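Breakdown of the fold
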Number of protein chains: 2
Amino acid sequence: MRFWPKKRVFLDYASITPLDKNVSTKMKQFEEALFANPSALYTGALEAKEAVIDSRRKIAEILDTTKDQIYFTSSGTESNNLSLLGVFNSFKSENFTPHFITTNIEHPSVLEVFKEIENRGGEVTYISVNEKGLVSARDILNSIKNNTVLVSVMYANNEIGTIQPISEIGRAIKEYRSKNMTEHSIPYFHTDASQAVLYLPLNTHSLGVDIMTIDGIKMYGPRGAGILFKKEFVKIQPIIFGGGQEKGLRSGTENVPAIVGLAKALEIAEDKKESESKRLTLIRDYAIDEILKNFPNSDLNGSKEKRLPNNINICFPACAGRPKIDAEFVVVALDVHGVSASYSSSCRTLKEDSSSYVVESLGAKDCRLSSLRFTLGRESTKADIDFLISCLKKVIK
Amino acid sequence: MRFWPKKRVFLDYASITPLDKNVSTKMKQFEEALFANPSALYTGALEAKEAVIDSRRKIAEILDTTKDQIYFTSSGTESNNLSLLGVFNSFKSENFTPHFITTNIEHPSVLEVFKEIENRGGEVTYISVNEKGLVSARDILNSIKNNTVLVSVMYANNEIGTIQPISEIGRAIKEYRSKNMTEHSIPYFHTDASQAVLYLPLNTHSLGVDIMTIDGIKMYGPRGAGILFKKEFVKIQPIIFGGGQEKGLRSGTENVPAIVGLAKALEIAEDKKESESKRLTLIRDYAIDEILKNFPNSDLNGSKEKRLPNNINICFPACAGRPKIDAEFVVVALDVHGVSASYSSSCRTLKEDSSSYVVESLGAKDCRLSSLRFTLGRESTKADIDFLISCLKKVIK
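Residues numbered from 1 in each chain as written. Chains lettered and ligands numbered in written order. Predicted model: local features only at pLDDT ≥ 70, side-chain atom pairs only at ≥ 80, totals over all residues.

With an RMSD of 0.0 Å, chain A superimposes on chain B once it is rotated by 180° and translated 0.0 Å along the axis. Taken together, the rotation angle and the small translation identify this as a two-fold axis. When C-alpha distances to the rotation axis are compared across chain A, the minimum falls at S74(A), with a value of 3.1 Å. Interface overlap between copies is the fraction of interface residues in one copy that are interface residues in the other; for chain A against chain B it reaches 100%, indicating a shared surface. (Least-squares fit on C-alpha atoms with pLDDT ≥ 70 in both. Contact = placed C-beta atoms within 7 Å.)

This paragraph deals with the sheet that holds strand β2 (residues 70–73) of chain B. Sheets are built from strands that pair by backbone hydrogen bonding, the pairs being arranged parallel or antiparallel. All names here are of chain B. As summarised here, the arrangement of the seven strands in space is β2-β8-β7-β6-β5-β3-β4, forming an open sheet in which the pairing is mixed. The open sheet is flanked by β2 and β4 (123–127), the only strands paired with a single partner. Pairs of neighbouring strands in the sheet enclose a mean axial angle of 20°, with direction left out of account. Sheet topology places strand β7 (residues 211–215) next to strand β8 (residues 226–230); five bridges connect them, and they run antiparallel. Note that in β8 the partner of T213 across the bridge is L228. Here helix α6 (residues 166–180) sits on the sheet in contact with β5 (148–152) and β6 (188–192), set at roughly 165° to β6. (Pairing = 2+ DSSP bridges. Helix = DSSP H or I, 4+ residues; strand = E, 2+ residues; numbered from the N terminus. Axes fitted to C-alpha atoms, helices over the stretch in contact; angles between N-to-C directions.)

Our focus in this paragraph is the environment of S356(B). Residues and elements named next belong to chain B. You can see S356 is positioned in the loop between β11 (339–340) and α10 (357–361). Taking the C-alpha atoms as reference, S356 lies 33 Å from I62; in sequence the two are 294 residues apart. In this structure S356 touches E159, Y343, S344, R368 and S371, once residues within four positions along its chain are discounted.

Residue and element names in this part refer to chain A. When you tally the buried positions in strand β3 (residues 99–103), you get five out of five residues, the bulk of the element. Of the two faces of β3, the one holding H99, I101 and T103 and the one holding F100 and T102 are both buried throughout. Where β3 and strand β4 (residues 123–127) come together, five bridges link them in parallel fashion. Along β4, the bridge assignment pairs F100 with V124. (Buried ≥ 20, exposed ≤ 12 C-beta atoms within 10 Å, placed from the backbone.)

Okay, here's the thing in structure tokens:
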């Protein structure tokens, strides 16, 4: 039996969110009473098919688009892979080397795909963010070349919570396309909105995006379930082949419970967006202030203004005889005291070098192994922050 | 509101199975109370990680292998894609054209992948089955060439339920490999066991398979969840890139509820295998006898002996003034009477030509649009068959 402190404060909502009870109830219907393969021809199957169509419609409404531009995948990771590899495979040929533009702080499910695209002969430009963790629309525009097929910029960062100027980039790309009258409307604009979905507007028109990734697990929705928004003109080749589901873009029996769960989770997220954003911004700012006050020399990583309401990421460098913290040690020590936190992202802890390339990109090299991430969610309260501070004081001396 | 007959008999278990209640209960724990990203470093995450390891161990035990040879994917379709495309990508080079051997009655999630492999420059030999729907190990062996990297033969067919001689093929391939001392132990032997999992032995040693696909949705398990068994020496390149989960073979946050659900479903399947196989064989044979008796000239598609206990697939050709049936019409008419059945497979109804290539492969061309599939499951009874026969009599005149 592992030691489990009485009080436990979960501060890692950017890594995973629990399944909302209302989402769970909705899903259960389609796992048991209404289970059926939507591609079959009998009554239950038609109900399942209708539930899938209805979910597509509900999601489309929130994204201000039509249901035929909504596709279902098994995760945010798969949606990102399908977007990037799918566009690469559509355009690469003996006479054409597709070029991509992205930032140096994207999630591994984007950066690792770009590495693979480079291995397969594609060309990728990585734009550096500034010391606040923000990318400039001008830098992106200046990197567009004749063979640029896609620009991928995450809506909000998973480690430091910085919000990128997506609408501005979207506008710049659209202007470039119409000025240059590019064939096939390239470059396409893709954004990974997985971290943004709970807090930021998702209107795909205003954002000016052509492809968008959303992940169920980050929005109190189903695990192993992702959404891909893709405009009709965007040419994407499938990466998984078979029965031809999702209009041939993604084969495999439709996961009906997950699909209805995604729609329900997105609807709930939309309902709570404004109030939760306001509530969490206050808690976030309280936390930042308290930490900076209690730990001299500590500093916020990334912009405070262009920041998700739920993200707190702090560097604890050496100060007054105290050495800089070892983030991995502190996360484990905080766990013993009952706080679940993280350093860099969960997806990075699998790598041998689990330091934060995101924090490093801000130019503060000393912080890449000495920063902690606390991310808030629906259960978070100001009292949680007081508890966190008291634990931090015990652990960082 | 759609018309829904009072009595409903579900006879399409080969297409989809409901989620077992015990599996559902187990999954729920990891969706709510024990939710956590298993790659994180705090207590809940470690519990999640342990649950994943424990599930791997339980599944490995049933397959008579070790836990490090068990991988989790989002479906049987993805497991098949990863097996075939992954091996193709590992071996293809400027100087080497990988060659594959398969049968002409595989599931679309295998046949469509082979089409894609051919598009990408690979070579595929399709072995025809005999009039009973069975492939010969000798035919496979005779097709192996120096550049053959993989043989893929499904354990049991999804449409006609025929059971292929997997152990015999496995033995023949092993003998070929040791006689020819092939590099990298090629050709590998892959089988899609998705339809076999509830009724046939899954010991990977006795079967002599190197790679095996299992699908959650076909075994009363989680939707959007698949298992891939892969021996250590098998070289497979990932098709989805990112955080490096599943030892780099399949990125994306682990779907913990689905993973514990897969282990639980497989355990239950194993427990019920013998008794359900016996029980359903009796019902199946009763159904076949009754249909053939009541519909002169009707005929069983595929071997009766080498057949899954739950599969009934019958051709209804023209007879005594009655025209041959239109399978699509009959399925819809049966639905009105309360019976859920199918013709060809659900994955085929998405294609423009939804006739059965499996039934056609048996040499009975007249049957490809005139055959019905009834597949049994845990809720099926002899009374269901009596009801089916009474409905069939009303629909086929």
